[in-house]
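# Chain and residue survey
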There are 2 protein chains.
Amino acid sequence: MAVTIRDVARAAGVHVSTVSRTFSAPNLVKVDTRERVLAAAAELGYRPNQAARALTTGVTHNLGLIVADIANPFFPPLIKSAQSYARVRGYQVFVADTDEDPRAEEELISILAKQVDGVVLVSPRLSNAAIAGLSADLPFVVVNRNVKGLPAVLMDIGSGAATAVEHLAGLGHRRLMLLGGPRGSWTSEQMRRSAAAAAERSGVSLEITGPNAPTERGGRLAAAAVLEAGATGVIAYNDLMAIGTIEGLSGSGVEVPREVSVVGVDDTVAGRVARPKLTTIAMPTQEAGRSAVDLLLHAIDMPGGRGAAKTTLETSLVVRESTAPPPPLK
Amino acid sequence: MAVTIRDVARAAGVHVSTVSRTFSAPNLVKVDTRERVLAAAAELGYRPNQAARALTTGVTHNLGLIVADIANPFFPPLIKSAQSYARVRGYQVFVADTDEDPRAEEELISILAKQVDGVVLVSPRLSNAAIAGLSADLPFVVVNRNVKGLPAVLMDIGSGAATAVEHLAGLGHRRLMLLGGPRGSWTSEQMRRSAAAAAERSGVSLEITGPNAPTERGGRLAAAAVLEAGATGVIAYNDLMAIGTIEGLSGSGVEVPREVSVVGVDDTVAGRVARPKLTTIAMPTQEAGRSAVDLLLHAIDMPGGRGAAKTTLETSLVVRESTAPPPPLK
DNA sequence: CTGAAAGCGCTAACAA
DNA sequence: TTGTTAGCGCTTTCAG
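Every value quoted in this text rests on a predicted model; they were computed, and no experiment measured them.

### With respect to the overall build of chain A
Along the backbone of chain A there are 13 helices and 12 strands. Taken over the C-alpha trace, chain A has a radius of gyration of 25 Å; the compact-globule value for 330 residues is 20 Å, which it surpasses by more than 25%. Projected onto the principal axes, the alpha-carbon positions of chain A cover approximately 95 × 35 × 30 Å. A burial count over chain A gives 53% of its 330 residues as buried. The contacts of chain A with a sequence gap of at least 6 include a subset with a gap of at least 24, amounting to 71%. In the structure as shown, chain A presents an accessible area of about 13,900 Å², 52% of it carried by carbon and sulfur atoms. Of the side chains in chain A, 33 bear a positive and 32 a negative charge, and the two mean positions are spaced by 5 Å.

As structure tokens, this is what we get:
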């Protein structure tokens, strides 16, 4: 075992509680004593054992961050910003991946529960009821999902989707299609609603499919439906799916954007480097990560606090090369 | 606070040690007692507190995974596979991001030290000496770095780089350039050596630049050097950089692959969807993640064990559209 | 097979 | 300002 508080106490010729104090409440100990302790600690290479500390204080200084799929490029920037912000505030972050499986999500939460002071659920796949249930034990912040009574960071994908519909309608498209995301996705549901309303307002038709896997493969598979429906404007659940759709379309000899326009969501690297460069709805992922941690830390600081702070972040449409006017009608 | 072992003991009418045993050594307790305890535990929703358990046993059932940059698409697949494999083996994984900063790396290791049973260092930026020093306290496994005395997972990028050189030489290129990665990168050093040797064997010239930032931006900046050197074949440290280089080149009116060929490394999504599709050296990231955890668990199981198991994984060249014969000499 | 007791590393009243 | 004394939740001898 490593060096403990007792070794330091002995070396400094003080009692353990004095050592404890010099670390947790330095101002309660006389300056020169403190220095003696610090010197001894430095010499021995002492580092407080967080876990032991947590046992008495109930504070772990760890946060949990649960995502559906680390390999999905939507998440890494969010994780990264959450983590770096948490670190600034003195917290470590446990990142866990559920593989899009609601049961794994539940399992992970309960395993993490004892080791963290709170958890951020990003784009959860669990039902609202389940989340609300779990939240009795532990502070939660939810990203991209609105759960009654819980703090949340919401990205306003609804208005993003509406903007995308208007963009496509403005270009002259009359038959649009929305490729929905996975079951249980709040984002997908928001898109559905707002896109439908926007389509109606703009006087264009909108067909909706789904659930689809939020991957290139899911997009490739969905391409057939696009063709079948005769849609010339497509909004995909995310960039990966949009890229897959474009591939699927071009596999059938249909060119993007000459014949069909495609809009993605997330503004990932993949979309930026794909050809044609993807028109996409940019999600403020970095801010979301930061805000989520911020909200969580608030919730932790004042337990039972005034709960349910909601932060809504704007999205924006980035027009690039995958959208254009439709071909003239024959 | 949540329900503890004591609550369960009371409910089941046994002593706490019996409850403890039914969880940690079930066969030491009579069947019906065990069942009574389990029933009480289930009823109360008891979950052993890992942190408290760790305090006595010294086993946390957590692993640390330290990477330079989660947002770099090279890492997520590795993280994901490490994590899912660890979970199967009953371990949670703390993922931490150092932002390419060696000091942050050191800091993170020491913070994590008390909360994990071992750590995987992926593409560390720390010096070998520093790593070796730290490894006294805690089992380590290093990925993409060979540290004496430590288990490691090595991706054979050397042979990958050599293959890339031969590929380019075979296409007819005579002036190659290698865009090195960040300072302290073992991968970059391996590439340098093998590429130089391969170039010599193939009778082509090879110029080497670096360090460069392993990002699109780094690649864009390096494009100027490529032009200046008059190289027609480029091997970039990773896909992101390769993509940046292609952008930079095309910004100067130079077409890839018609005028210059570019090879990336990592085989990320970004490279797959970029246009032209990137020729790249595929890294076995998923296997690396799994192998690293495997090695680490071995090291943990037999401390002071026969140390230093090295696993070497093959890389392979994926030829796509960013490489072609050079233009005829004028 | 089960209970009693000590202790993991640390903090937190309470005295002194 | 510092030492004493109890624990936090759990495991682990050692008895019984």
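### So, the relation of the copies chain B and chain A
Here two copies of a chain appear, and what relates them is a rotation about an axis with a shift along it. Rotating chain B by 180° and moving it 0.1 Å along the rotation axis overlays it on chain A with an RMSD of 0.1 Å. Taken together, the rotation and translation relating the two chain copies correspond to the operation of a two-fold axis. Both copies present the same face, since 100% of the interface residues in chain B are matched by interface residues at the equivalent positions in chain A.

### Observations concerning the pattern of salt bridges
Side-chain pairs of opposite charge can arise where the charged atoms are in close proximity. Throughout the structure, instances matching the rule amount to 28 salt bridges over all chains. A salt bridge links Asp99 of chain B to Lys80 of chain A, with the shortest nitrogen-to-oxygen separation between them at 3.0 Å. Taken together, the residues span two chains, with Asp99 of chain B in the loop between strand 2 (92–97) and helix 6 (102–113) and Lys80 of chain A in helix 5 (residues 75–88). Residue Asp99 of chain B is classed as partly exposed on the basis of its relative accessible area, which comes to 41%. Overlapping salt bridges bring together Asp69, Asp97 and Asp99 of chain A together with Lys80 of chain B as one network.

### Thoughts on the interface of chain B and chain A
At the junction of the two partners, chain B supplies 42 residues and chain A supplies 42 residues. Each partner contributes to the roughly 3,800 Å² buried at the junction of chain B and chain A, and carbon and sulfur atoms together form 59% of this total. Considering only the side of chain B, the residues that lose the most area to chain A are Lys80, Lys114 and Val273 of chain B, jointly responsible for 17% of the buried surface there. Our enumeration of links across chain B and chain A arrives at six salt bridges. Applying the counting criterion to the chain B and chain A interface returns 11 residue pairs in polar contact (both at pLDDT 80 or more). Within the residue set of the side of chain B that touches chain A, elements represented by two or more residues are helix 4 (50–57), helix 5 (75–88), strand 2, helix 6, helix 11 (239–251) and helix 12 (269–273) of chain B. In terms of residues, the side of chain B that touches chain A owes the most to one element, strand 2 of chain B, which gives six residues. Split by residue class, the side of chain B that touches chain A holds 24 nonpolar, eight polar and 10 charged.

Cut-offs and rules
- Residues numbered from 1 in each chain as written.
- Chains lettered and ligands numbered in written order.
- Predicted model: local features only at pLDDT ≥ 70, side-chain atom pairs only at ≥ 80, totals over all residues.
- Heavy atoms only, no water.
- Helix = DSSP H or I, 4+ residues; strand = E, 2+ residues; numbered from the N terminus.
- Rg over C-alpha atoms; globule rule 2.2 N^0.38 Å.
- Buried < 20%, exposed > 50% of the residue type's maximum accessible area, 1.4 Å probe, protein only.
- Contact = heavy atoms within 4.5 Å.
- Areas by Shrake-Rupley, 256 points an atom, 1.4 Å probe, with all protein chains shown as cover.
- Lys, Arg positive; Asp, Glu negative; His and termini not counted.
- Charge placed at Lys NZ, Arg CZ, Asp CG, Glu CD.
- Least-squares fit on C-alpha atoms with pLDDT ≥ 70 in both.
- Salt bridge = Lys/Arg side-chain N within 4 Å of Asp/Glu carboxyl O.
- Buried area = accessible area lost by both parts, 1.4 Å probe.
- Polar contact = N/O pair within 3.5 Å; in protein donor to acceptor, adjacent residues only side chain to side chain.
- Nonpolar A, V, L, I, M, F, W, Y, C, P; charged D, E, K, R; others polar.

It is worth stressing that arrangement in space is one thing and function is another; only the former is reported here.
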